[in-house]
Amino acid sequence: VQLVESGGGSVQPGDSLRLSCTTSARDFAKWAMGWFRQSPGKEREFVAVATSIGNGVNYGNSVKGRFTISRDNAKQTVYLQMNSLEPEDTAVYYCAASFLPIANDARQYNYWGQGTRVTVSS
């Protein structure tokens, strides 16, 4: 299974970016889809998850109120809208798929994308 992220880039503080993650896997709708990020020297951090049940979502504390996750099962794509970006958001962002209906822990994810880099700097 291949997950392909896109949308990363270099922006200034306060700017917005939208990340996308798409797959050709037929089971997309059955998976919880999450976003994680990792900065140099830090552990991988949970950012957000969109559950496979209804429209449930959950966010890491550091992004609540600024980031929005959404999914389009018809397009087999999950998005991460990132607003009010801060230098602390600089990281490689990873898309991941879990067989569970919802998952906040990286160990609960089964498939990972290659990552897309986001740099927030003035």
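Above this text you will find the structure in question.
Figured I'd write up the structure that's included with this text. As the structure is a prediction and not an experimental result, all values here were calculated from the model.

What follows deals with the overall build of the chain. A count of helices and strands for the chain gives zero helices and 11 strands. Seen in sequence order, the chain has helices and strands lined up from the N terminus as β-β-β-β-β-β-β-β-β-β-β. In terms of overall size, the chain behaves like a compact globule, its C-alpha atoms giving a radius of gyration of 13 Å where 122 residues would be expected to give roughly 14 Å. The principal-axis extent of the C-alpha atoms belonging to the chain is close to 40 × 25 × 25 Å. Counting all 122 residues of the chain, 44% fall into the buried class. Of all intrachain contacts in the chain linking residues separated by at least 6 positions in sequence, the fraction that spans at least 24 positions is 57%. Here the chain has roughly 6300 Å² of accessible surface; of this, 45% comes from carbon and sulfur atoms.

The next point concerns the packing of aromatic side chains. Within the structure shown, the criterion is met by eight aromatic pairs. Judged by centre distance (5.4 Å) and plane angle (55°), the rings of W31 and Y111 are tilted. Residue W31 is found in the loop between β3 (17–22) and β4 (32–38), and its partner Y111 is found in strand β10 (residues 111–112); the two are separated by 80 residues along the sequence. Taken together, a centroid distance of 5.1 Å and an interplanar angle of 55° make the contact between F36 and W112 tilted.

Residues M33, W35, L80, M82 and Y93 are the most contacted members of the largest nonpolar core, which totals 27 residues. For this core, the secondary structure elements donating two or more residues are β3, β4, β5 (45–50), β7 (67–72), β8 (77–82), β9 (91–98) and β11 (116–120). Sorting elements by how many residues they give to this core places β9 first, with four residues. Sequence-distant contacts of M82, defined by excluding residues within four places in its chain, comprise D15, S16, L17, L19, R66, F67, Y93 and V118. In terms of nonpolar packing, the next biggest core, distinct from the first, is built from seven residues, A32, A96, A103 and Y109 among them.

Scanning the entire structure with this criterion turns up one disulfide. Covalent S-S linkage joins C21 and C95, the inter-sulfur distance amounting to 2.0 Å. An S-S torsion of about -70° defines the bridge between C21 and C95 as left-handed. Separated by 74 residues along the polypeptide, C21 in strand β3 and C95 in strand β9 bring together distant segments of the chain. Of the two residues examined, C21 and C95, each falls in the buried class.

Thresholds, definitions, all that
Residues numbered from 1 in each chain as written. Predicted model: local features only at pLDDT ≥ 70, side-chain atom pairs only at ≥ 80, totals over all residues. Heavy atoms only, no water. Helix = DSSP H or I, 4+ residues; strand = E, 2+ residues; numbered from the N terminus. Rg over C-alpha atoms; globule rule 2.2 N^0.38 Å. Buried < 20%, exposed > 50% of the residue type's maximum accessible area, 1.4 Å probe, protein only. Contact = heavy atoms within 4.5 Å. Areas by Shrake-Rupley, 256 points an atom, 1.4 Å probe, with all protein chains shown as cover. Phe/Tyr/Trp six-rings, centres within 6.5 Å; stacked < 30°, edge-to-face > 60°. Core = buried A, V, L, I, M, F, W, Y, C linked by side-chain atoms within 4.5 Å. Disulfide = S-S within 2.5 Å.

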